[in-house]
Amino acid sequence: MHLIHELRYSNTNTYLIRGEKGTLLFDTGWAGTFPAFCRAMGEIGVPVQDIDYILISHFHPDHMGIAQEIADLGPKIAAADLQREFIHAADGVFLKDRRVSFSPIREAEVLFFKTEESRDFLMRLGIRGEILPSPGHSEDSISLSLDTGELFVGDLNPLYELEAHKGGEIWETWQKLLARKPRTVYYGHAPKAVLAEGPSAPKNSPKKEKELFALVQRIMKEIDRGRSLEAIAQKTHAEPSFIEDVARMYLTHKNVGVQGILDRIEIKGM
């Protein structure tokens, strides 16, 4: 048996999975969110030091930003062999941003494993499942599939977008994952989906949805024009934090659309 805690301390959903013998953290947040992460852990009554391993769905900045800070307290970062060359792929994003403190992952301390041997790795924690290559969003993406029906997919496009990707890599990845008959899908930037209820998209009121869609579309156009975040705020009158969230998603998620951005960010005060 295992227990899953959903940690909502940043714009990335992260999950703490407590097995019979140990604890696994799936994904982390953007650099600068470490204090919020510690508060979230305190709220569920679990010391950070109780985490045994950190598993990252893919090495984009919003999923690995505080991994080393967490690891500095005792947990060990684990990664699939296929992720090895991507460990430092996002370092440059943070090193250019002096507003946040960032600790690059110390690769020599990472535990690497082969995906075909991932069941043995998980059993160290008393967690029954597998870690699977999940290309589509990125080359280094992996998913965590538990034998009890929980599936953690990081930034793989949500199931309600699947028809738009029919025949492509995202479609093929989902077919392999769905063959394992998951019951609940945990996304990196969208609410979890209980498949018995259907993989429907989260809903806002029609008016709010239309307003948000138009605002994100306008922000994306201003980004394409090379305008600064401050200039975009002046033109759109949107909250700077919201503009920054949109910019992060737009610049770090290849070929993402307006609805995709709305699904991947947490809307605050809108």
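For the structure, see preceding data.
Rules used throughout
- Residues numbered from 1 in each chain as written.
- Predicted model: local features only at pLDDT ≥ 70, side-chain atom pairs only at ≥ 80, totals over all residues.
- Heavy atoms only, no water.
- Axes fitted to C-alpha atoms, helices over the stretch in contact; angles between N-to-C directions.
- Helix = DSSP H or I, 4+ residues; strand = E, 2+ residues; numbered from the N terminus.
- Parallel < 35°, antiparallel > 145°, perpendicular 65-115°, else oblique.
- Left-handed = near helix turned anticlockwise from the far one by under 90°.
- Contact = heavy atoms within 4.5 Å.
- Nonpolar A, V, L, I, M, F, W, Y, C, P; charged D, E, K, R; others polar.
- Pairing = 2+ DSSP bridges.
- Phe/Tyr/Trp six-rings, centres within 6.5 Å; stacked < 30°, edge-to-face > 60°.
- Buried < 20%, exposed > 50% of the residue type's maximum accessible area, 1.4 Å probe, protein only.
- Lys NZ or Arg CZ within 6 Å of the ring centre and 35° of its normal.

A. Quick look at the packing of helix α8 (residues 229-236) against helix α9 (residues 240-252). Where α8 meets α9, the axes come as close as 10 Å, and the angle between the chain directions of the two elements is 120°. The angle between the axes of α8 and α9 places the two elements in the oblique class. Classified by chirality, the crossing of α9 by α8 is right-handed. Side by side, α8 and α9 meet where L229, I232, A233 and T236 of the first sit next to I243, E244 and A247 of the second. Among the residues forming the contact of α8 with α9, the class breakdown is 5 nonpolar, 1 polar and 1 charged.

B. Spotlight on the sheet that holds strand β10 (residues 184-187). The sheet built from 5 strands is open, its strands ordered β7-β8-β9-β10-β11 with mixed pairing. The open sheet terminates on both sides in strands that have one partner only, identified here as β7 (129-133) and β11 (193-194). Across 2 bridges, the pairing between strand β8 (residues 142-146) and strand β9 (residues 150-154) is antiparallel. In the sheet register, L144 faces β9, and the bridge partner there is F152.

C. The arrangement of the sheet that holds strand β5 (residues 76-80) in detail. Ordered in space as β1-β2-β3-β4-β5-β6, the 6 strands form an open sheet in which the pairing is mixed. Single-partner strands in this sheet number two, and they are β1 (3-7) and β6 (111-113). Geometrically, the sheet is characterised by an average inter-axis angle of 25° between neighbouring strands, direction not taken into account. For β1 and strand β2 (residues 14-18), the ladder comprises 5 bridges, and the chain directions are antiparallel. Bridging across to β2, L3 finds its partner in R18.

D. Region of the structure containing the side chain of H5. Note that H5 resides in strand β1. Aside from chain neighbours lying at most four places away, what touches H5 is T14, Y15, L16, R18 and I44.

E. Representation of the packing of aromatic side chains within the structure. If you walk through the whole model with that rule in mind, you get 10 aromatic pairs. When the centroid spacing of 5.2 Å and the interplanar angle of 70° are considered together, the rings of Y15 and Y186 count as edge-to-face. With Y15 in strand β2 and Y186 in strand β10, the pair connects residues that are 171 residues apart, well separated along the chain. A single burial state applies to Y15 and to Y186, both of which are buried. Arranged with centres 5.3 Å apart and planes meeting at 80°, the rings of W30 and F94 form a pair that is edge-to-face. Of this pair, W30 sits in the loop between β3 (23-26) and α1 (34-43) while F94 sits in helix α4 (residues 91-95), and the two are 64 residues apart along the sequence. Residue W30 is classed as buried on the basis of its relative accessible area of 9%. Residue F94 is classed as buried on the basis of its relative accessible area, which comes to 2%. An aromatic cluster of three or more residues is present, and its members are Y15, F26, F152 and Y186. Against the face of F112 rests R84, its NZ or CZ located 3.9 Å from the ring centre.

As far as function goes, none of this settles anything; it's purely spatial.
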